[in-house]
Amino acid sequence: QVQLVESGGGVVQPEGSLRLSCVASGSVRNVNVMGWYRQATGEQRELVADVSSTGYTNYANSVKGRFTISRGNTQNTVYLQMNNLKPEDTAVYYCNLNQPRPLNPTKRHNYWGQGTHVTVSS
């Protein structure tokens, strides 16, 4: 099994910054994709950003130029640096890990953290 634990959420004013962290443990494979999703009240969960094991990154249009996703160098970790935060960024942010299944590598599986709250308000 894989466990994901997020941290770093909180309450900030507009134009402020936060850095989210996620630590993965358990049966984490070398080839995987880690990312961040968010879900605002009454809205669907959406991709914010993700990064592959080779370093390829993908961002939602709404956060390009403001958010940066990165991997840790020595741990199974992923970070999301959030700058110039806006009220519409308010949501629960979830860490995600996607990787092949050990016995059936052609199939993939998603693992999710429990979420961390981010509130942007004056």
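Residues numbered from 1 in each chain as written. Predicted model: local features only at pLDDT ≥ 70, side-chain atom pairs only at ≥ 80, totals over all residues. Heavy atoms only, no water.

(A) Representation of the nonpolar core in the model. Within the largest apolar cluster, 28 residues are counted, with the highest numbers of intra-cluster contacts made by Trp36, Leu80, Met82 and Tyr93. Elements with a minimum of two residues in this core: strand 1 (2-7), strand 3 (18-26), strand 4 (33-39), strand 5 (46-52), strand 7 (67-71), strand 8 (77-82), strand 9 (91-100) and strand 11 (116-120). Look past the residues within four positions of Met82 in its chain and what remains in contact with it is Gly16, Ser17, Leu18, Leu20, Arg66, Phe67, Tyr93 and Val118. (Core = buried A, V, L, I, M, F, W, Y, C linked by side-chain atoms within 4.5 Å. Buried < 20%, exposed > 50% of the residue type's maximum accessible area, 1.4 Å probe, protein only. Helix = DSSP H or I, 4+ residues; strand = E, 2+ residues; numbered from the N terminus. Contact = heavy atoms within 4.5 Å.)

(B) Representation of the sheet that holds strand 8 within the structure. Spatial strand order, 1-3-8-7: four strands in an open sheet with antiparallel pairing. In this open sheet, the two edge strands, each paired with only one partner strand, are strand 1 and strand 7. Between one strand axis and the next, the sheet turns through 15° on average, direction left out of account. Relative to strand 8, strand 7 runs antiparallel, the two being bridged by five bridges. The partner of Arg71 across the bridge, within strand 8, is Val78. (Pairing = 2+ DSSP bridges. Axes fitted to C-alpha atoms, helices over the stretch in contact; angles between N-to-C directions.)

(C) Spatial organisation of the state of the cysteines. For the coordinates displayed, the defined rule picks out one disulfide. Here Cys22 is linked by a disulfide to Cys95, with a sulfur-sulfur distance of 2.1 Å. In this structure the cystine formed by Cys22 and Cys95 twists about its S-S bond by roughly -85°; its chirality is therefore left-handed. Of this pair, Cys22 sits in strand 3 while Cys95 sits in strand 9, placing them 73 residues apart in sequence. Given the relative accessible area of 0%, Cys95 is considered buried. (Disulfide = S-S within 2.5 Å.)

(D) Molecular detail of the packing of aromatic side chains. Under the criterion given, the structure shown has one aromatic pair. Here Tyr37 and Trp112 contribute two aromatic rings whose centre-to-centre distance is 5.0 Å and whose plane-to-plane angle is 70°, an arrangement assigned as edge-to-face. Linking Tyr37 in strand 4 with Trp112 in strand 10 (residues 108-112), this pair joins segments that are 75 residues apart in sequence. A residue is classified by how much of its surface remains accessible, and Tyr37, at 21% relative accessible area, is partly exposed. A cation over a ring is seen here: Arg45 above Tyr94, with NZ or CZ 3.9 Å from the ring centre. (Phe/Tyr/Trp six-rings, centres within 6.5 Å; stacked < 30°, edge-to-face > 60°. Lys NZ or Arg CZ within 6 Å of the ring centre and 35° of its normal.)

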